[in-house]
Structure formats: structure tokens, C-alpha cells
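Descriptive analysis of the structure
Each chain is listed here by its residues.
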Amino acid sequence: RHPMKAARAAADYLSFLYDSFGSWPLALAGYNCGENAVQAALDQSGLKTFWELRQNGYLPAETRDYVPKFYATVKIVRDVKQYGFHFEPHHTAEA
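Owing to the predicted nature of the structure, the values given are computational and were not obtained by experimental measurement.

Examining the overall build of the protein
Looking only at helices and strands, one finds five helices and zero strands in the protein. Against the 2.2 N^0.38 benchmark of 12 Å for 95 residues, the protein shows a C-alpha radius of gyration of 17 Å, more extended than a compact globule. Taking the principal axes of its C-alpha atoms as reference, the protein extends roughly 55 × 35 × 20 Å. Looking at the protein residue by residue over its 95 residues, the buried ones come to 21%. A separation of at least 24 residues holds for 27% of the contacts in the protein among residues at least 6 apart in sequence. Total accessible area on the protein is roughly 7300 Å²; 54% of this is exposed by carbon and sulfur atoms. Each charge class in the protein can be summarised by its mean position, and for the 10 positive and 10 negative side chains these summaries are 3 Å apart.

Section: the packing of aromatic side chains
A full pass over the atoms with the stated rule returns seven aromatic pairs. Their ring planes at 20° and their centres at 4.4 Å tell us that Tyr18 and Trp24 sit as a pair that is stacked. When its relative accessible area of 30% is taken as the criterion, Tyr18 is described as partly exposed. Relative to Trp51, the ring of Phe50 lies with its centre 4.8 Å away and its plane at 80°, an arrangement referred to as edge-to-face. Exposure remark for Phe50: the relative accessible area of 1% places this residue in the buried category.

About the criteria used
- Within any chain, residue numbers begin from 1 and follow the written order of that chain's sequence.
- Restriction of local features to residues with pLDDT of at least 70 applies here, the model being predicted, together with a cutoff of 80 or more for giving and counting side-chain atom pairs; totals for whole chains, interfaces and linings are based on all residues.
- Where side-chain values are given, they derive from all heavy atoms of the structure, hydrogens and water being excluded.
- Numbering of helices and strands runs from the N terminus, with a helix taken as a DSSP run of H or I at least four residues long and a strand as a DSSP run of E at least two residues long.
- The atom set for the radius of gyration is the C-alpha atoms, and the globule formula is 2.2 Å times the number of residues raised to the power 0.38.
- When a residue's accessible area, from a 1.4 Å probe over protein chains only, is under 20% of the maximum for its type it is buried; when over 50% it is exposed; and in between it is partly exposed.
- For this analysis, residues touch if any pair of their heavy atoms sits within 4.5 Å.
- Computed with the Shrake-Rupley method and a 1.4 Å probe, the accessible areas treat only the protein chains shown as cover for residues.
- Here Asp and Glu are counted as negative and Lys and Arg as positive; His is not counted, and neither are the chain ends.
- One atom stands in for each charge, and that atom is NZ of Lys, CZ of Arg, CG of Asp or CD of Glu.
- Only Phe, Tyr and Trp rings are paired, with Trp represented by its six-membered ring, and only when their centres lie within 6.5 Å; those with planes under 30 degrees apart are stacked, over 60 edge-to-face, the remainder tilted.

These values are about where atoms sit, not about what they do.
Take a look at the structure:
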């Protein structure tokens, strides 16, 4: 019901996850499948990075795909024209 509060809460949680894992890919994985699942995968595997966990199947399939899709989205948004998207922001008046 409160998009700005929800966005702030998400940013705060991502910041917490980054502080916990020291890595944005691991933080994003934790956001997607839960911080305990990521920590368990790190502990069980002895691996150190999201990309190693992903390659070796230690994370759920959705999470293995979520992080690369997130990075792809960021890359596209940074240069929409290069990737064939057209974006014209428009403002809507509130009633």
C-alpha cells in the first residue's frame, strides 16, 4: 500500500545482505531465496561467490536465474536505446 516505504525497506534489506555477504550477487541471491539459504549453500559447499554456487548447483534454479537477469536489466536500463528499447517518461496528474 505504500510503494515508497516498500522500496526503502527493500533497499535497507539489500544493504543489510550486502553487509552480511560482502558481495552484491550474494546479496541479491539472499534477497531472492533467503539469507539462510545462501549462507547454508556457502557453508555446505565451501565456495565463496554467487557465480561458483550457481555453476555448481547449490542454489535454487529461480535464484540461479534471478541474479543474472537482474544484472541484465540494469545493463539495459543504463542504455535502453542500445538494446532497442524506447522509453519516454510521462507524468500523470493525480486526481
